[in-house]
Each structure stands twice: as C-alpha cells, then as structure tokens.
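Architecture and fold: a report
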Amino acid sequence: MNVREKSFTVKQIIENTESGNIVYDHPMQRLPGQWDNEQKSLFIHSITVPYAVPQIYALQFFDNFDEAFTILDGKQRLTTTLEFIKDGFTLSKDVPPVFIRKRQTVIDEEGKRHAEFVDMEYDISNKKFSELDEKIQERITGYQFSIVLLSDCTDEDIENQFLRLNNGTPLTRDQKTRVRLGDELAAFLDEQEQKEIFKSKSSFSNNHRVQGVVQTCILQAVMLLMDYPYKDLGNKSMMEFADWFRSNHKKSDLEYCSDIFDKLNEAVEESKKPHPLMKKTNIPILAYHVQTADEVGLTMEEYKECIKKLFEEYAPNEGYANYCGSGSYTKEKVTARLDYFEEIVREWRNNHGERI
C-alpha cells in the first residue's frame, strides 16, 4: 500500500466533487447525517478560526491523478463543509465568535493618517454561509484539508486501515458488523435497504438508519435464510456470521435473499404509516417464512393474510408477544417466534386449501 499526503483547499474539493472526481459512497463509510447541528457548527467554527482538524483518508482511483478519489475516512467533515457552503444549515446560536483582521485609518498625535490593522470579534452564530462577512467566507473556501491518499491497496489493507482509524471513535456495534462484511456485502446491504420493504414499510426511525440498525436487521434475516447455526441474534453472533458469510457466500445466495425480500414486499400491506410490528424483532421472522409460504403453495397475496393475522392477534403478554421484548434475540425466543408464525402459515394453508 502506498501512502502520500497532499493538501486540498475547500474550493478545490468543491470543484472536484461537482466534476465527479471526488466521491463519498465507499461501502465502509457510515451513512450521512451522523452529526447534529451543534457538531456541524463546531466543525465549521474549527476551520474558520482555524483549528487543526483530523486528516482525511482517501483511496485514489488513478496513480497519476491526485484529484480523483473516494473518501475512506472524513466523509462527515467534508460533506458538512460542502453543505454549509451551499447554505444547507444555519450555525448554532451557541457557536463561539471568531476574529477578523480589519484595516482602518487612524490619525496619530501629529495629525497624520495611516493604516492600522486590528483584530475585531465577529459573531458567526445563527448565520448561513451567505450571511457571513466576505473575509470569513474566503477563509472557509481557502481552508486546506490534509488528505492522505492511499493507492495500490488490497481489500484487507483498506479494512485494516479503516478499523485502525476508527478504533477510538464511537462506531456503533451495527456499523462495526458492516465493516466485517467487506465491500461486496456492504454494498449488498445498501442495495437491500433501498427497497420499499425496508424504506417505507418498516418501522425504523431516522436514527436507526444512521446507526446501521436497519442493515443489521437485513443481515439477521440473511443469517436465518442461510440456515447458519447461530447462537443468538446478538451483536457478537452477527459479527461471527459476517466473517463466515463473507468467506462462504455465493452470488446465488445474494440473489436468493434479494428475491425473498422482494416477495416479502409483495406480502406486506401498503399503508400511510408502517405497522409498529414491522421492526427488527419481527422482520427476519417474516422474511424466513416466505420460504414456508412457497413450500406450502401460498401466493404472496395469501401470505399477506397470514401476516395480517399475526399482527391483528398480537396482544401484550400473550402468545407471540411472550417471545418478544426482553431477551428477544436469544435463540430460544427467536426459535419460538419462528415456530409460532410457521403454525399460523400452515394453519392458514390447511383452512383455505380448497381455495388454492
């Protein structure tokens, strides 16, 4: 692996981003939106003062063209800067002031005029980029990021570099599992998360999506579909499965799982608001039994009736609900949920067999 360091001004980063030379979609990167307004405001203040900020790490596309690369670490810093310059957010009311050096004309004791430079405090709080003094705008667009350019890297080099960079930062457990999958499988999770079943028919908050909870839910479903001998659905077991699946999966496995999620999408009723039970505890169960529906000859419209029956009969502290809640990721409770819903599917088939 070759490592070089080069400085880029914000203006250069803007130009190369707009031309498509710099991209921000490397699978190892976390999703956008990790920072709240206070964090973004403090970062803009840092490059305005300026304070030193951590280096950016990037993977070069071409050995002889330094301006083309994908961001490996530092996405939030760069995207926050670009967002602010496009007036994408207003700085927090609590962000500290900065100082601007201004030239003013003074008259000395002898009555002679001359120029004098003074540092004047300048309030940047509650301002968008376009509302800042021109000197502050120039200071931001002229700020130089130190970017470490990596080239001639193997997949293992990239993963090791990313994990070492983030060893002391608060990656969530879900996000750490994603890193263990490698580029191909991380990209597969991204693709599945964009499907309607996970995007609009599931009850996940924006915070869940940012933290990687949705992708762990998808991976849990994949683990069940692969008949992997899991211990439970906890984070440690998911990391172990990620390592195993990365080494043992075939293209046909990904195609099979993708097809299951498409079928599940057909079977989940559309509504203005996702059903509250369409969450991480239950989605892998519903995905797994798409196979059972196929086995007993149900169409996805008929499987939809089974899902509706489960949801309509759900009552706290009764039946299926006894296997949710605390400890729901233990193998005992996962198996109980699988068995409970399988009985609903097979019973529905027996009761409606003459109409199939």
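Residues numbered from 1 in each chain as written. Predicted model: local features only at pLDDT ≥ 70, side-chain atom pairs only at ≥ 80, totals over all residues. Heavy atoms only, no water.

Details of the state of the cysteines
Under the convention used in this document: Cysteine sulfur atoms that pair up within 2.5 Å are treated as a disulfide.
Under the criterion given, the structure shown has zero disulfides. There is no disulfide at Cys217, and the cysteine sulfur nearest it, in Cys257, is 13 Å away.

A closer look at unusual backbone geometry
Heads up, the rule is: Helix numbers and strand numbers start at the N terminus; a helix is a DSSP run of H or I with at least 4 residues, a strand a run of E with at least 2.
Residue Val49 is joined to Pro50 through a cis peptide bond whose omega torsion reads 0 degrees. Mapping Pro50 onto the fold places it in the loop between helix H2 (37–48) and strand E3 (56–62). Unusually for a residue other than glycine, Asp87 sits at a positive phi of about 60 degrees. Mapped onto the fold, Asp87 is located in the loop between helix H3 (75–85) and strand E5 (98–107).

Thoughts on empty space enclosed by the protein
Quick note on the threshold: The pocket and cavity definitions rest on a 1 Å grid over protein atoms only: a 1.4 Å probe that fits but cannot leave marks a cavity, an open set with protein on both sides within 12 Å along at least five of seven lines marks a pocket, and residues lining either have an atom within 4 Å of a point. Grid points are joined across faces, edges and corners, and a volume is the space filled by probe spheres set on the points. Residues are grouped as follows: Ala, Val, Leu, Ile, Met, Phe, Trp, Tyr, Cys and Pro are nonpolar; Asp, Glu, Lys and Arg are charged; all remaining types, including Gly, are polar.
Within this structure, the stated rule accounts for two cavities of 30 Å³ or more. Of the pockets and cavities examined, the largest cavity occupies roughly 70 Å³. Arg30, Leu31, Gln34, Gln175, Arg178, Asp190, Arg209, Val210, Gly212 and Gln215 are the residues that line the largest cavity. In terms of residues, the lining of the largest cavity owes the most to one element, helix H6 (residues 173–193), which gives three residues. Along the lines of polarity and charge, the residues of the lining of the largest cavity split into two nonpolar, four polar and four charged. As a volume, the second largest cavity reaches approximately 30 Å³. Lining the second largest cavity, in full, are Asp174, Thr177, Arg178, Leu181, Leu189, Gly212, Gln215, Thr216 and Leu219. Those elements giving two or more residues to the lining of the second largest cavity turn out to be H6 and helix H9 (213–225). No other element matches H6, which puts five residues into the lining of the second largest cavity. For the lining of the second largest cavity, a count of residues per class yields three nonpolar, four polar and two charged.

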